[in-house]
Every structure is written in C-alpha cells, then in structure tokens.
Amino acid sequence: MKLRLRLPTRFEQLIFAVVLITSCGIGMLASNVGNIRAALPLDTLYSERDLTTLLYDVARLESALMQVQLDDSAASRQELGFAFDLLQVRLGDRDGLVTSSPVAGFQRASEKMDELAAAVAALLRKPEPADIELQAAYRRASEVRRLLRGLNDSGFQAAMVQISQQHVAIAHLQRSATLVIAVLGAFGLGLIALMARQRQVLRKNAAAEREIRSLAFYDPLTTLPNRRLMVERLQHALVSHARQGSHGALLFIDLDNFKTLNDTPGHHIGDRL
C-alpha cells in the first residue's frame, strides 16, 4: 500500500501562517509585559519610603542629642526620650527592609543604628550623662544619618533606573503590539480575500457543472431532455418494470419533411417551428 502525500492548499498555508504569527505575537507581547513588570520600581520606592522615615527619625534623635548638649533640661530630656522611643518603634519594623531592600549597604547602617540605640539607651538611664558621652552619641547619630542619606539617594537612583527601563519596555511593547496587529490585520485581509475568491471559484464551478449537465442531457434550443437523457431514463424504466413485472409504452412523435423545411426557408424557421 502506497501512501500519497497531499500538499497543503493555499488556504491551509495561510491559516497555518496566521496561527504561527499569532502564537509568536502572543509570546512576544507576554515577554514584553514581563519585562515591564520586572522594571516596575515598586520595591525600590517602598524601600526608599522606609529609608526616608528612618532618616527622619535619626535626624530627630540627632537634633534632640544636640539640644541636650546645649540645654540639659527636663524638656530636652523628654524630647530625647520621645525621639528614642520613636526610633525604637521604627527599628522594630526594619527586618523586612533589611532582607528585601535592593539598596546595598543597609545591613551596615542597621548595625550602626543598633549601636546608636544602645548608646542613647545608656544615656537615658543616667541622671546626668557626661558631655563626652553625649558627644559620642551625637557623632553616632550623625554617622547613621549620613549613611541613611546615602542609601536614600542610592534608592532614588535605583528607582529612576527602573523607571527608565520601564519606559523602554513600554516602548518595545507598543512597537511589538503595533507590528503584531499590522501583520495579523494583513493576514486577516488576505484570508478574507482568499475566502471570497474561493467562494467565487466554487460558484463558478457549480455553474459550470450545471451548464455541463444541461449541455449533456438537455437540448440547447428547446431546453427539453435530449436523446442521451431519454436513453438513460428509458434504461431505468426498463429495469424498474422488469423488477416489478409491469409494462409500459413508448410514444414516438415525428414531423414529416422537417429537413426540407430547414433546407428551404432556413434553420431559423425550423427553430421557430
């Protein structure tokens, strides 16, 4: 048994091309959307917000330490205690920032903040801390503030880089989407044109088949059944009558001297008759 390979028709080739282009376009669009999602600076912006909050609290503690050095009063001590408590609350929420911050160097700043918190806690336990201890705590606060300022700036720069990458990814997505839409539109128009052409060919084939059948079995002048159809119907009737055991009759009608009519006045007179 031999297998015969059938070549795909033009319509099937076009359908395959449309499916292939659509699949590639969807994959390309999905890849671009993934790039945009990866370029979203949400994590960096959240980290920058948390860094800004810590920077504000450390700067407030630094200012309170300076105020205690200038005027060691109950009010300045109270402000120092409040700033320290506020920083402690912030430090309790920093674990996620330490592990998820995209900015390098936050671990070192976190260790310095722990040292600062320990030094201020020791100062608050003393009724009258020494000036050298206040100055040391103030220097620690200034160092932590500078570290957090640098980290905050780095976070802002990282967010700007991600935003720039997002703009590039969005531009790629726009171009890809436009290309895919244009290609699919062109293929769609080609498919519609091909389907219309095929319908036209089918209509022409059907009309040709009807015309062939009409020419084969009917007289073109009178559109009456011709001899071929008569013989076919007669054979069918004979077989049917033989099977059923019935009888039939065949009536033959002729026109005398019809050839003379065609030859003398002309065929157009014979056709009218």
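For the structure, check the block above.
Keep in mind that this is a model prediction, so the values were computed, not measured.

Caption draft 1: Broad picture of the side chain of E62. Locating E62 in the fold gives a position in helix α2 (residues 42-70). E62 sits in the buried class, given a relative accessible area of 7%. Not counting chain neighbours up to four residues away, the residues in contact with E62 comprise Y138, A141, S142 and R145.

Caption draft 2: Examining the packing of helix α5 (residues 106-125) against helix α6 (residues 131-217) more closely. Running from N to C, α5 and α6 cross one another at 155 degrees; their axes reach a closest spacing of 9 Å. In this view, α5 runs roughly antiparallel relative to α6, as classed from their interaxial angle. Seen from above, α5 lies across α6 with left-handed handedness. Side by side, α5 and α6 meet where F106, R108, A109, K112, M113, E115, L116, A119 and L123 of the first sit next to E133, L134, A137, R140, A141, E143, V144, L147, L148 and L151 of the second. Its residues assigned to classes, the contact of α5 with α6 shows 13 nonpolar, no polar and six charged.

Caption draft 3: Expanded view of α5. For α5, built from 20 residues, the straight-helix expectation of 28 Å at 1.5 Å per residue is met to within 8% by its first-to-last C-alpha distance of 29 Å. Every buried residue belonging to α5 is among F106, A109, S110, M113, L116, A117, V120, A121 and L123, and all of these are buried. Take α5 and look down its axis: the buried residues cluster within an arc of 155 degrees, on one side only.

Caption draft 4: Main features of the nonpolar core. Counting residues in each nonpolar core, the largest one holds 27 residues, and the members touching the most others are L61, L65, M113, L116 and L148. Contact partners of L116, with chain neighbours within four places excluded, come to V58, L61, L87, A137, R140, A141 and V144.

Caption draft 5: Geometry of the pattern of salt bridges. Taken as a whole and assessed by the stated rule, the structure comprises seven salt bridges. Note that R60 is salt-bridged to E79, the shortest N-O span being 3.0 Å. With R60 in helix α2 and E79 in helix α3 (residues 74-92), this pair connects stretches of sequence that are 19 residues apart. Accessibility expressed as a relative area gives 31% for E79, which makes it partly exposed. A salt bridge links D263 to K259; its shortest N-O distance comes to 2.8 Å.

Caption draft 6: Representation of a nonpolar patch on the surface within the structure. A cluster of nonpolar side chains, L234, L238 and L250, forms an exposed patch at the surface whose accessible area comes to about 310 Å². Turning to its location among the elements, L238 is positioned in helix α7 (residues 227-244). Note on L238: relative accessible area 55%, which makes it exposed.

Cut-off values and rules
- Residues numbered from 1 in each chain as written.
- Predicted model: local features only at pLDDT ≥ 70, side-chain atom pairs only at ≥ 80, totals over all residues.
- Heavy atoms only, no water.
- Helix = DSSP H or I, 4+ residues; strand = E, 2+ residues; numbered from the N terminus.
- Buried < 20%, exposed > 50% of the residue type's maximum accessible area, 1.4 Å probe, protein only.
- Contact = heavy atoms within 4.5 Å.
- Axes fitted to C-alpha atoms, helices over the stretch in contact; angles between N-to-C directions.
- Parallel < 35°, antiparallel > 145°, perpendicular 65-115°, else oblique.
- Left-handed = near helix turned anticlockwise from the far one by under 90°.
- Nonpolar A, V, L, I, M, F, W, Y, C, P; charged D, E, K, R; others polar.
- Expected span 1.5 Å × (residues − 1).
- Arc of directions from axis to C-beta.
- Core = buried A, V, L, I, M, F, W, Y, C linked by side-chain atoms within 4.5 Å.
- Salt bridge = Lys/Arg side-chain N within 4 Å of Asp/Glu carboxyl O.
- Patch = residues over 30% accessible without salt bridge, like charges linked within 9 Å, V, L, I, M, F, W, Y side chains within 5 Å.
- Areas by Shrake-Rupley, 256 points an atom, 1.4 Å probe, with all protein chains shown as cover.

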